[in-house]
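# Survey of secondary and tertiary structure
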Protein chains: 4
Amino acid sequence: MKHLRQKMRHYTLSPHAEPAMTVTPGETVIVETLDNVGNRVNSEMDKDKIRPPLNPLSGPIYIEGAKRGDALEIIIENIKPTRDFGWTGQTSEWGFIEMGSPIWNIFKETIPTEIKICRIQGDRVTFPLKNGKTIDLPLRPIVGTIGTAPEAEAKSTTPGPYGGNMDCQEVRPKNILYLPVYVDGALLYLGDIHALQGHGELGGAPIEIPSETTLTINLLRDKNIGWPRIVSEDYLVTVGSSKPAEAAIKTALAEMVGWLMSDYSMDIWDVNLLLTATAEIECSQITNPLYTAALKISKSFLPK
Amino acid sequence: MKHLRQKMRHYTLSPHAEPAMTVTPGETVIVETLDNVGNRVNSEMDKDKIRPPLNPLSGPIYIEGAKRGDALEIIIENIKPTRDFGWTGQTSEWGFIEMGSPIWNIFKETIPTEIKICRIQGDRVTFPLKNGKTIDLPLRPIVGTIGTAPEAEAKSTTPGPYGGNMDCQEVRPKNILYLPVYVDGALLYLGDIHALQGHGELGGAPIEIPSETTLTINLLRDKNIGWPRIVSEDYLVTVGSSKPAEAAIKTALAEMVGWLMSDYSMDIWDVNLLLTATAEIECSQITNPLYTAALKISKSFLPK
Amino acid sequence: MKHLRQKMRHYTLSPHAEPAMTVTPGETVIVETLDNVGNRVNSEMDKDKIRPPLNPLSGPIYIEGAKRGDALEIIIENIKPTRDFGWTGQTSEWGFIEMGSPIWNIFKETIPTEIKICRIQGDRVTFPLKNGKTIDLPLRPIVGTIGTAPEAEAKSTTPGPYGGNMDCQEVRPKNILYLPVYVDGALLYLGDIHALQGHGELGGAPIEIPSETTLTINLLRDKNIGWPRIVSEDYLVTVGSSKPAEAAIKTALAEMVGWLMSDYSMDIWDVNLLLTATAEIECSQITNPLYTAALKISKSFLPK
Amino acid sequence: MKHLRQKMRHYTLSPHAEPAMTVTPGETVIVETLDNVGNRVNSEMDKDKIRPPLNPLSGPIYIEGAKRGDALEIIIENIKPTRDFGWTGQTSEWGFIEMGSPIWNIFKETIPTEIKICRIQGDRVTFPLKNGKTIDLPLRPIVGTIGTAPEAEAKSTTPGPYGGNMDCQEVRPKNILYLPVYVDGALLYLGDIHALQGHGELGGAPIEIPSETTLTINLLRDKNIGWPRIVSEDYLVTVGSSKPAEAAIKTALAEMVGWLMSDYSMDIWDVNLLLTATAEIECSQITNPLYTAALKISKSFLPK
């Protein structure tokens, strides 16, 4: 099994970077990732370490034979934390208040920067409170940022049709992620692993960990998809990114409509009414420059 | 047990209507509700019956002793469909395309009006497809519209702090709903029951049914709450309505922050980071004049 | 000329209120209006006077013969301030920061309530600065709130197809405002006059004055319009209210498209491209529960 | 005077491209620009020429000595059309209907692609109607896209703090544009000139022309600005880009608040109330991936 260790990480999904590794479709690869601040935070005192550049990405991985119009099929085999703790925290620039707003200019000095170190033991994460008590949380790791290179642009924290910083809870072990290919070799990047993340990623930095993430990468020829798709054990999922949040939802909806029409031979108005009765929507994040929503339908509700 | 049957329904939550019934706090009442078109749709041919006025509401119920600054505690005991079918459907004015937009003016003639009659048997709902097949769905009834009278305004389909047309999946049997009181007697209205509804209420009319809905209504004195709250077996839930969708989410978030600070003695920044790691968000609906989102935290993640 | 003086004002545009006056189409009427806080603020010390209920409205005026499907044609003849000062001010609930947001809960105590008394002399308004200097501004009065009664709802500060709290700079002397009629007699309300208001009404309370506002009210039979329209000396204007701001713009756009197609016999795609090259857009306000935008086209660019 | 003619254009504002020219601060340069489709459209039949890549950009121009934290001061000296016509047009992917929405999937086949060739003679532009008549419009050229290289990302049609595809009516001859510098030499790009553009850029392609655009480029050391600023004869202008439109407005507002506080020694709450009474807001465009708004205050209303 190939193992991607690299010195230099990237801070954009770019079509112009040199591949860090080449794989043949069907191969499984272990990718070492840093946390969102390059593993610089090690204690509650490391407040000055929470600063750009954020989200170092591993890769890009060149997939042999991948061409514009193909799709990658990526099985998230496993996400293994490579440190016995994750961190979460806040600054005056994240979360409750939007950086750059008029009110932010007034109050930014008074919002504290705080860090919590959350111990990881087996499948549990310990969340410490200020009063000395702790809350016991489950380990449910996700890949926060994963995407192929856009055709011309280089993107950092803005998610899009290529994937990117989606912070979507459905990009988790055992699920299969489909991504569009825009350039030769696809150029797959990933990083920004979270030990556990709530919908909305409300405060901006959920429990951040470095990892060894294991992926199997297949290639689907001429499988034109518009936006990322995910298949889990129980659901079909489409992922859209836009702003405001309802535009992200409608983007995911348009992709789902196309999917059900083409792969399940459904009439468009049947799709409309079936989703009206059964769709599930997860607002993955509303903190990145564009927001991400996942639209899901239970496989049990699909036509046989 | 009291039983509310009434001839005339209301089409707004208004502080000016005569009470249809008075209850003492602690009483349980069965309320008969019509479906969203006044039970006028009985077959797939009833296309001309889908038209305003929509959402006839039962009530208002006057709760003795309720005063501005109190809160109602409403236990949703049961929702019993009173017909062996529900209907779902679409018109050129609902769902995929926003009524009144420039493109709508062009294409509205070409969007079909369609009705599906979905049989209900026990706890199953049958969803018919155009190709003659059917999909088997579960019966999971919710109360689409429930609210107290606003202080001065009369509101029809716009949800707000008073509740109203929230179309929220958490307003379901066994859950407890809390609503602010603005006027003497609170004046509780409800209707618009759905046999099953997806997040987003994407097409506008999920599976619509008349019902007998059983509620136990308690009164909490001087329990100032800003927006509807719900307690389910496993979750604390706050419900916000605004536009765009992220504003609805942030409204629910503000209410949840206050709740956790006051009832669980949590530090505000602890709340921020705990919700960042564990919040669940449901976009109840993005089709009414204001959108509704529910923000949830698992009781298992609360400080002991 | 009729003169409307009344003791009791209204705080909603409601179809249920008793008419304060009846006019025959073609009549001119002088309406006395209070400022947005009922003339309670008279000095910079009156901070406790800035509180609900806001926007007392004069009327309703019953227009004889008006029926659903008609339109009112209202010539704004004159707006005369009836006090030698206006006030502007801010509280922790207006302007820079949205009331009810999570950050607002934290900082609301620290945002000052401030009032400025702005002297009015002839056509000039004096804006005092904290350092003792003043800025000389022009008097450009507008009617902030004007609307007909909705069909069923009673609305306070939410603008809509009926008009209402639009805070639109084009509702000013010499311009002609067209409003849809929903109920018998139309029931016209107005108030909330501003001596001068910027786009966006950013801080929430521009220079507030009581007034004598003179209107000539005509009736257009079966002139179905969807949203308020305005004709000024140089422009055709449509006014839309929604959220987010682009939805308000698109609402005004849809109304303008219909107007140019029907009254100027223009092809829809010609309209699209002509507006692309020449439209002017004013974001009237982004502080009320729904935002208002005005879309304008210069009469000089219309087909002859 | 330097004259920038170049064979290859760029399709992103990128920090990685080779400079096409180097200038010393204070120099004036004439830049040849192509129209938004690379001058490929020459008649109403050229429908297949309206396709990506869009917005070829001239540059980048390396400004000697420019460093992160500086600002460019760019005087738009002149914009000269280099062709006797401009084109405007529409496709199923622009304007009234958002590409990728569910409804778009249904109707895209039925939306026509249309091109109008608009003759330019002196300072007039002729807009042809389908019925054979014409409308006489003024020539009011603007620079649709102008910006410095972002620090890490490469951006195509998304405007931001660096400028970019703002399509702002205030970037016009005689006005002075200020842009932040992020990388050595600043790397200035421009293109996408419009002969005349309405607010909102509603249909997506206002009257597109190639040009010779003359700029004088100065360098302001350590002049940290957050977003583009413009000074015209009568106004101070700030330009924000975000989504939804009110977020773009609030971004421009935050920049203006800072400007008036630092350069005019104004108290923050004085600024708030002065802008409430006098701000002008232009929604430059609501068609690019992020929207752009300009916030303006008349110089006549500034403290002396």
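Residues numbered from 1 in each chain as written. Chains lettered and ligands numbered in written order. Predicted model: local features only at pLDDT ≥ 70, side-chain atom pairs only at ≥ 80, totals over all residues. Heavy atoms only, no water.

All names here are of chain A. The buried fraction of strand E18 (residues 280–285) amounts to 5 of the 6 residues, a majority that puts the element mostly inside the structure. Pairing of E18 with strand E19 (residues 291–298), which is carried by 5 bridges, proceeds in the antiparallel orientation. When the sheet's bridge partners are listed, Cys283 is paired in E19 with Ala293. Here E18 hands over to E19 after 5 residues, the two strands then running antiparallel side by side. (Buried < 20%, exposed > 50% of the residue type's maximum accessible area, 1.4 Å probe, protein only. Helix = DSSP H or I, 4+ residues; strand = E, 2+ residues; numbered from the N terminus. Pairing = 2+ DSSP bridges.)

Now for the packing of aromatic side chains. Applying the stated criterion to the full structure yields 0 aromatic pairs over all chains. The residue whose ring lies beneath Arg83(A) is Phe85(A), and the NZ or CZ to ring-centre distance is 4.0 Å. The ring of Tyr235(C) carries the charged tip of Lys296(C) above its face, separated from the ring centre by 4.4 Å. (Phe/Tyr/Trp six-rings, centres within 6.5 Å; stacked < 30°, edge-to-face > 60°. Lys NZ or Arg CZ within 6 Å of the ring centre and 35° of its normal.)

Helix-helix packing is characterised by the crossing angle of the two axes and by the distance between the axes. Residue and element names in this part refer to chain D. With their axes 10 Å apart at the nearest point, helix H2 (residues 245–263) and helix H3 (residues 268–278) run at an angle of 125° to one another. Looking at the two axes, H2 sits oblique to H3. For the pair H2 and H3, the sense of crossing is right-handed. Taking contact as the criterion, the partners of Leu253, Met256, Val257, Leu260 and Met261 in H2 are, on H3, Ile268, Val271 and Leu275. Of the residues assigned to the contact of H2 with H3, the class counts are 8 nonpolar, no polar and no charged. (Axes fitted to C-alpha atoms, helices over the stretch in contact; angles between N-to-C directions. Parallel < 35°, antiparallel > 145°, perpendicular 65-115°, else oblique. Left-handed = near helix turned anticlockwise from the far one by under 90°. Contact = heavy atoms within 4.5 Å. Nonpolar A, V, L, I, M, F, W, Y, C, P; charged D, E, K, R; others polar.)

Turning our eyes to something else, we now look at the nonpolar core. Core analysis: the largest hydrophobic core is formed by 316 residues, its most contacted members being Leu275(A), Leu275(B), Leu275(C) and Leu275(D). Dropping the residues within four chain positions of it, Leu275(C) is found in contact with Leu253(C), Met256(C), Val257(C), Leu260(C), Leu295(C), Ile297(C), Gly198(D) and Leu202(D). (Core = buried A, V, L, I, M, F, W, Y, C linked by side-chain atoms within 4.5 Å.)

As a volume, the second largest pocket reaches approximately 530 Å³. Class assignment of the residues belonging to the lining of the second largest pocket gives a composition of 8 nonpolar, 6 polar and 9 charged. (1 Å grid on protein atoms, 1.4 Å probe; cavity = no way out; pocket = protein on both sides within 12 Å on 5 of 7 lines; lining within 4 Å. Points joined across faces, edges and corners; volume = space filled by probe spheres on them.)

The next subject is the interface of chain C and chain D. In this assembly, 60 residues from chain C lie in contact with 59 residues from chain D. In total, chain C and chain D occlude about 5000 Å² of area from one another, counting both sides; carbon and sulfur atoms represent 68% of this. Linking chain C to chain D there are 4 salt bridges. With a shortest N-O distance of 2.5 Å, Lys116(D) and Asp270(C) are connected by a salt bridge. Where chain C packs against chain D, one counts 20 residue pairs in polar contact (both at pLDDT 80 or more). A per-element tally of the side of chain C that touches chain D places helix H3 (residues 268–278) of chain C first, with 10 residues. Split by residue class, the side of chain C that touches chain D holds 34 nonpolar, 12 polar and 14 charged. (Buried area = accessible area lost by both parts, 1.4 Å probe. Salt bridge = Lys/Arg side-chain N within 4 Å of Asp/Glu carboxyl O. Polar contact = N/O pair within 3.5 Å; in protein donor to acceptor, adjacent residues only side chain to side chain.)

What follows covers the relation of the copies chain C and chain D. It takes a turn of 180° to lay chain C on chain D, together with a shift of 0.0 Å along the axis; the resulting RMSD is 0.0 Å. The transformation just described matches what one would write down for a two-fold rotation axis. Across chain C, the smallest distance between a C-alpha and the rotation axis is recorded for Ala245(C), namely 2.7 Å. Interface residue correspondence from chain C to chain D reaches 98%, placing this contact among same-surface, isologous pairings. (Least-squares fit on C-alpha atoms with pLDDT ≥ 70 in both.)

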